[in-house]
Each structure stands twice: as C-alpha cells, then as structure tokens.
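Fold and contact review
Next come the chains, spelled out residue by residue.
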Amino acid sequence: MTTIGRYLRTKRFFKELTLQQVVDTVRNDYNFSTSTSVLSAIETDKNKIIDGELLFVLSDLYGIDLNEISELILKNLKENNSRI
C-alpha cells in the first residue's frame, strides 16, 4: 500500500528536488511557509495529518492531479480505518 507520504516523496524524487528546494520554492512561488522537518515527517509517515493548503501547494509544484490524491487518501482510509 502506498501512503500519501511515500507518494509525495516519490513525486519529489522524480522532480529531482531536495526538501530544502521545496521549502524555498513554496515560500518564493506560493507565499507559503513550511519546513524541511514538516515535509520529512509527512514523507516518512510520522505526520499523518497534512495541512490542506500545503497539500494543494505540493500538488501544484509536483504536477499532481488532485483526483489522484483524493483517490489515494480515500483508498487508504477504507483499507486501514486509520481515522476511526
């Protein structure tokens, strides 16, 4: 099963971006603030709750279709009942 964190990490990897580059781009291009520690926690599934605005920004930056993200999140919830 692919988690949202692993999915985002893979997308970042294929864009050949470091966590610091993502932080800098998000700040400069989207006027949004995050940190490498927040992104790392998301990508390693230590932080399972992701800020909605950050998810939109990362989706745009990585070129991800929001429907794809939605399907992944709903599939994981159904399989794991992780929010119950």
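Shown above is the structure to which this text applies.
What counts, and at which threshold
Residues numbered from 1 in each chain as written. Predicted model: local features only at pLDDT ≥ 70, side-chain atom pairs only at ≥ 80, totals over all residues. Heavy atoms only, no water. Helix = DSSP H or I, 4+ residues; strand = E, 2+ residues; numbered from the N terminus. Rg over C-alpha atoms; globule rule 2.2 N^0.38 Å. Buried < 20%, exposed > 50% of the residue type's maximum accessible area, 1.4 Å probe, protein only. Contact = heavy atoms within 4.5 Å. Areas by Shrake-Rupley, 256 points an atom, 1.4 Å probe, with all protein chains shown as cover. Lys, Arg positive; Asp, Glu negative; His and termini not counted. Charge placed at Lys NZ, Arg CZ, Asp CG, Glu CD. Core = buried A, V, L, I, M, F, W, Y, C linked by side-chain atoms within 4.5 Å. Salt bridge = Lys/Arg side-chain N within 4 Å of Asp/Glu carboxyl O.

Another point: the overall build of the protein. Each helix and strand in the protein was counted, giving five helices and zero strands. Over its C-alpha trace the protein gives a radius of gyration of 12 Å, about what one expects of a compact globule, namely 12 Å for 84 residues. Sorting the 84 residues of the protein into buried and exposed places 35% on the buried side. Put simply, of all contacts in the protein between residues at least 6 apart along the chain, 62% involve residues at least 24 apart. Carbon and sulfur atoms form 49% of the exposed surface of the protein, whose accessible area is close to 5,700 Å². Here the protein holds 11 positive side-chain charges and 12 negative ones, and the gap between their average locations is 7 Å.

Okay, the nonpolar core next. Grouped burial of nonpolar side chains is what soluble globular proteins tend to show. With 19 residues, the main nonpolar core has Ile 4, Tyr 7, Leu 8, Val 22, Leu 58, Tyr 62 and Ile 69 as its most contacted residues. For this core, the elements supplying multiple residues, two or more each, are helix H1 (4-14), helix H2 (19-30), helix H3 (36-43), helix H4 (52-62) and helix H5 (66-80). Of the residues forming this core, the biggest block, six residues, is contributed by H4. Apart from the residues lying within four places of it in its own chain, the contact partners of Ile 4 are Ile 50, Ile 69, Leu 72, Ile 73 and Asn 76.

Take the pattern of salt bridges next. In the structure shown here, the tally under the stated rule is two salt bridges. Glu 43 is the partner of Arg 12 in a salt bridge, and the nearest nitrogen-oxygen pair spans 2.8 Å. Within this pair, whereas Arg 12 is found in helix H1, its partner Glu 43 is found in helix H3, the two being separated by 31 residues in sequence. Of the two residues, Arg 12 and Glu 43, neither departs from the other in class, the shared state being buried. With its nearest N and O atoms 3.4 Å apart, the salt bridge here joins Arg 27 to Asp 24.

Here we take up H3. Taken as a whole, H3 has its buried residues at Leu 39, Ala 41, Ile 42 and Glu 43. Positive phi appears at Asp 45, one or two residues downstream of H3, with a value of about 65°.

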